[in-house]
Protein chains: 2
Amino acid sequence: MVSAETPTPRRRADAERSIARIVTAARVSLSRNPDATVDDIAKAAGVGRMTLYGHFRTRSELVERALVDALEAGDKVLADVDLGGDARKAMARLLASSWQLVAESAALLTAAQSVLPAGRLQDLHSDAAERVEGLIRRGQEQGVFRTDLPLSWLVSSMHYILNGAAQENRAGRLDATQATQVVAATVLSILSAPAAENLTTP
Amino acid sequence: MVSAETPTPRRRADAERSIARIVTAARVSLSRNPDATVDDIAKAAGVGRMTLYGHFRTRSELVERALVDALEAGDKVLADVDLGGDARKAMARLLASSWQLVAESAALLTAAQSVLPAGRLQDLHSDAAERVEGLIRRGQEQGVFRTDLPLSWLVSSMHYILNGAAQENRAGRLDATQATQVVAATVLSILSAPAAENLTTP
DNA sequence: ATTAGCTCGTACGGGAATGTACAGGTTAGC
DNA sequence: GCTAACCTGTACATTCCCGTACGAGCTAAT
């Protein structure tokens, strides 16, 4: 794994900086517009298109790299959050410190979906998904999260809400300051055990 | 308005049929893939590409026509649903008879978003949005729907959930038979007044 | 200071999709 | 049955984006 990470360590500091700028530019651009052009990304990175092709052979390769980068960042955040105690509060903490990041990744993910082979996506972000699933399961065991809906749907709907919040935020219809609270309130409502009067099939 | 609707009434029955097939094909194709080609749509309609261009001058024109058609269909369904009585049950009825349609329109809507001018979209589906808003407001007055989140967000999140359910359904991760119940349960959870223990900012 | 790596522009070729042009064949409507 | 409207295929111009090739200039590292 060590040799795989640095197959050719002969890289100038200068190039390393360019690559970093390109990857972050790709994350930003693709989160805003999944169809962003290679040229768009290069411009956003303040770099010539040919410089970009010097480091990434194809657009797909760049998209995958951006996704991996975003997922690693998300993983780091997830690892720093205390997921113990009351599952509801843990979820609120998790959302507060990561919703924006996850939302961006979600947009990037749809960008990757049309470029990367089918299974590649699930492979990449299976870790993150499992950790969220674990938290939800723990909440179910505590009796504070619902068990009347498929677990996979609970996770998916969380993603759709986060993605939606990001879109509304970009469209100027949802203030960034209140977005955190709105997201937490909405997601917790979805996850919580339903009151009796809301059951649709008694 | 009468003259605007039928500027050249001289159209053969045969052409009318083709147009209808093309529009429905466009709705189906664009709901599945927002980037569907004109050629794709023509093939789906069982019609030559040139026939299509005989009726629609540009792709945008076709996309808009498809969206209008879907919205009209949605409006018709909405009009047939009894929105009286308990707001929760009314919402459940509304979702049961329209979620699939709305979900498809949502996908089509994103297709239109990248083609039509900015304000055109809101103009087109403002009617439908207002009716849903009205139902939610009535639920708020009845005290069964929450008032701690922006109304616009409640409507938006409904759309994102519906759209998500459609995607999960297409991806084979959500059975069509249980989708109706899942959607209703999720949306009602979002709309319902939150229990005290779920409040994030007391 | 020399060298090897990096940057970047211009230019080119390939592919895909949109929209136009033309021309032969078919069909509805009077 | 005649006519005009309609369907259809092929072919073409245009545009956009991807990826490659070449080459000249700049910069980090030894």
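For the structure itself, consult the block above.
The text that follows walks through the structure, step by step, so that each part is easy to find. (Residues numbered from 1 in each chain as written. Chains lettered and ligands numbered in written order. Predicted model: local features only at pLDDT ≥ 70, side-chain atom pairs only at ≥ 80, totals over all residues. Heavy atoms only, no water.)

**Quick look at the overall build of chain A**
Scanning chain A for helices and strands turns up 9 helices and 0 strands. For chain A, the succession of helices and strands along the chain, N to C, is α-α-α-α-α-α-α-α-α. By principal-axis analysis of the C-alpha atoms, chain A measures approximately 60 × 40 × 30 Å. Put simply, chain A has 202 residues, and 42% of those count as buried. Partitioning the intrachain contacts of chain A with sequence separation of at least 6 by distance along the chain shows that 68% fall at a separation of at least 24. Carbon and sulfur atoms make up 51% of the accessible area of chain A, which totals about 10500 Å². The average position of the 23 basic charges and that of the 24 acidic charges among the side chains of chain A differ by 6 Å. (Helix = DSSP H or I, 4+ residues; strand = E, 2+ residues; numbered from the N terminus. Buried < 20%, exposed > 50% of the residue type's maximum accessible area, 1.4 Å probe, protein only. Contact = heavy atoms within 4.5 Å. Areas by Shrake-Rupley, 256 points an atom, 1.4 Å probe, with all protein chains shown as cover. Lys, Arg positive; Asp, Glu negative; His and termini not counted. Charge placed at Lys NZ, Arg CZ, Asp CG, Glu CD.)

**Structural notes on the protein's contact with DNA strand D**
Not every one of the 22 residues close to DNA strand D is listed here, only the nearest: A:Thr37, A:Arg59, B:Arg12, B:Ser18 and B:His55. The protein-proximal atoms of DNA strand D, defined as those within 4 Å of the protein, are 59% sugar or phosphate. Between DNA strand D and A:Arg59 there is a distance of 2.7 Å, counted from a phosphate oxygen to a backbone nitrogen or oxygen. Within the contact set of DNA strand D, a phosphate oxygen lies 3.2 Å away from a backbone nitrogen or oxygen of B:Gly48. Of all the secondary structure elements, the ones that give two or more residues to the surface near DNA strand D are helix 2 (13–32) and helix 4 (49–55) of chain A together with helix 2 (13–32) and helix 4 (49–55) of chain B. Residue contributions to the surface near DNA strand D peak at 4 residues, all from helix 4 of chain B. Considering only residue class, the surface near DNA strand D consists of 7 nonpolar, 6 polar and 9 charged. (Near = heavy atom within 4 Å. Polar contact = N/O pair within 3.5 Å; in protein donor to acceptor, adjacent residues only side chain to side chain. Nonpolar A, V, L, I, M, F, W, Y, C, P; charged D, E, K, R; others polar.)

**Some words on helix 8 (residues 151–170) of chain A**
Each α-helix turn comprises 3.6 residues. Residues three or four places apart therefore point the same way. Residue and element names in this part refer to chain A. The terminal C-alpha atoms of helix 8, which comprises 20 residues, lie 29 Å apart, in line with the 28 Å expected from a rise of 1.5 Å per residue. Most of helix 8 is tucked away: 15 of the 20 residues are buried. Gly172 occupies a position one or two residues after helix 8 and carries a positive phi of about 80°. (Expected span 1.5 Å × (residues − 1).)

**A word on the packing of helix 5 (residues 59–80) of chain B against helix 7 (residues 118–142) of chain B**
All names here are of chain B. Running from amino to carboxyl end, helix 5 crosses helix 7 at an angle of 10°, the nearest separation of the two axes being 10 Å. The orientation of helix 5 with respect to helix 7, classified from their angle, is roughly parallel. For the pair helix 5 and helix 7, the contacting residues are Glu64, Leu67, Val68, Leu71, Asp75, Leu78 and Ala79 in the first and Arg120, Leu121, Leu124, His125, Ala128 and Arg131 in the second. For the contact of helix 5 with helix 7, the class distribution of residues is 8 nonpolar, 1 polar and 4 charged. (Axes fitted to C-alpha atoms, helices over the stretch in contact; angles between N-to-C directions. Parallel < 35°, antiparallel > 145°, perpendicular 65-115°, else oblique.)

**Remarks on the protein's contact with DNA strand C**
In the neighbourhood of DNA strand C, 21 residues make up the surrounding shell, with A:Arg12, A:Ser18, A:His55, B:Thr37 and B:Arg59 lying closest. Sugar and phosphate atoms form 56% of the subset of DNA strand C atoms that lie within 4 Å of the protein. For DNA strand C, a phosphate oxygen lies 2.3 Å from a polar atom in the side chain of A:Ser18. A distance of 2.8 Å is found between a phosphate oxygen of DNA strand C and a side-chain nitrogen or oxygen belonging to A:His55.

**A word on the interface of chain B and chain A**
Contacts between chain B and chain A engage 31 residues on the former and 31 residues on the latter. A buried area of about 2800 Å², summed over both sides, lies between chain B and chain A, and 57% of it is on carbon and sulfur atoms. Across the contact surface, chain B and chain A share 0 salt bridges. At the junction of chain B and chain A, the tally comes to 8 residue pairs in polar contact (both at pLDDT 80 or more). Contributing elements (two or more residues each) for the side of chain B that touches chain A: helix 8 (151–170) and helix 9 (176–191) of chain B. Per-class residue counts for the side of chain B that touches chain A are 12 nonpolar, 14 polar and 5 charged. (Buried area = accessible area lost by both parts, 1.4 Å probe. Salt bridge = Lys/Arg side-chain N within 4 Å of Asp/Glu carboxyl O.)

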